[in-house]
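A structural walkthrough
For reference, the chains in residue letters:
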Amino acid sequence: MEKDLKKLRPYGDHLDDGKVQISFTLPIPPSDEAKEAARCYLEKLGLRYSLIACMEPMGEGFSFFVGYGYAEPTVDFTAIKVPKPEFPLLSRDELLTLAREKIGRQIVVVGGTTGSDAHTVGIDAILSMKGIHGDKGLEYYPCFKVINLRAQVSNSVLIEKAVAAKADAILVSKLVTQQDQHLKDLKELLDLLREETRLPVYLLKIVGGPRMDHKIARQVGYDAGFGGGTKPSEVASYIVHELVKRMNHEGKERVEGQDKAPPKKKGRSLLGWLGGGGEGS
């Protein structure tokens, strides 16, 4: 099977046939005429031999369709470039060593799902001890002090919590994207952060969500964006590496009054890590 990556086309029944499946909704009730209207719409999209395989009612006066057709356009896969955060992915022990030697204190991470978005699955997967798919969250790393504000956090509250905790990084999770509400919320937060003087200049601003990526995050004005499937260990590696780079560049500029000494009475794991004796010492 020889693939032409310069002329990439969908695979359906055989290589390069261009067959695609499309699902969509029309604001009309199910009928023979509605099904034909849906098929005609596929033709207007440029699909050859279009057909509607499924038509189901979707609320009063609406119909949901699944259709098929053959597409002609191709994509040059060899020319595709996707912006991604650049950082080496280290093991947990390697990461803890780097944080201890280059930063020497806990890194404060404040995260939450902002706006009216009530979903916590994303922020919990990255921050909580449990993590996701066997990849432990940031709470599992003694080099992090994690504050999870959960969901429906206003931008102003997120900032006040970050100031109070003397945050090094904020993580914003956005799942609801209807009418680009996630972008509006993110831009508002960024405007507020630009006016905020109580946070360090090296503050990391990270956003994640199933419909987010690094390119969108950078376009909005954030430092990094992580999409669906991101592992907590990837976010952990990015935070440590980027903070090391920024704090060295800024001369380890800190918020006024922030204590460089490690917090006291935080348990053997944290003290053992700061002492270089390993997580369990």
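Look above for the structure.
If you're wondering where the values come from, they're calculated on a predicted model, not measured in any experiment. (Residues numbered from 1 in each chain as written. Predicted model: local features only at pLDDT ≥ 70, side-chain atom pairs only at ≥ 80, totals over all residues. Heavy atoms only, no water.)

It is worth spelling out the nonpolar core at this point. Of all hydrophobic cores here, the largest spans 30 residues; its most connected members are V109, L138, F144, L171 and I239. Put simply, the parts of the chain that give this core at least two residues each are α2 (92-102), β4 (107-113), α3 (121-127), β5 (144-148), β6 (169-173), β7 (204-208), β8 (224-226) and α7 (232-249). Residues contacting L138, with those up to four places away along its chain left out, are V109, I126, L127, S128, F144, V146, P232, A236 and I239. Counting residues in each nonpolar core, the second largest holds 24 residues, with V153, V172, L183 and L190 among its members. (Core = buried A, V, L, I, M, F, W, Y, C linked by side-chain atoms within 4.5 Å. Buried < 20%, exposed > 50% of the residue type's maximum accessible area, 1.4 Å probe, protein only. Helix = DSSP H or I, 4+ residues; strand = E, 2+ residues; numbered from the N terminus. Contact = heavy atoms within 4.5 Å.)

Our focus in this paragraph is helix α4 (residues 155-165). Within α4 the residues assigned to the buried category are N155, L158, I159, A162, V163 and A165. Structurally, α4 contributes buried residues whose contacts are with β4, β5, β6 and α5 (181-195). Phi turns positive, to about 55°, at K166, one or two residues after α4.

The next point concerns the packing of α4 against α5. At a minimum axis distance of 9 Å, the contact between α4 and α5 shows a crossing angle of 45°. Relative to α5, the element α4 is oriented oblique. Here α4 runs over α5; the crossing is right-handed. Packed against α4, whose contacting residues are N155, S156, L158 and I159, the element α5 presents D185, E188, L189, L192 and L193 at the interface. Tallied by class, residues from the contact of α4 with α5 come to 5 nonpolar, 2 polar and 2 charged. (Axes fitted to C-alpha atoms, helices over the stretch in contact; angles between N-to-C directions. Parallel < 35°, antiparallel > 145°, perpendicular 65-115°, else oblique. Left-handed = near helix turned anticlockwise from the far one by under 90°. Nonpolar A, V, L, I, M, F, W, Y, C, P; charged D, E, K, R; others polar.)

Moving on, we come to the sheet that holds β4. The pairing of strands in a sheet comes from backbone hydrogen bonds and takes either a parallel or an antiparallel form. Spatially, the 5 strands line up as an open sheet ordered β5-β4-β6-β7-β8, and their pairing is parallel. Unpaired on one side and paired on the other, β5 and β8 mark the two borders of the sheet. The sheet shows a mean angle of 20° between the axes of neighbouring strands, direction not considered. Pairing of β4 with β6 involves 5 bridges; the strand directions are parallel. Each residue of the ladder has a partner; that of G111, found in β6, is L171. Its contacts with the sheet place α4 against β4, β5 and β6, and it is angled at close to 165° to β4. (Pairing = 2+ DSSP bridges.)

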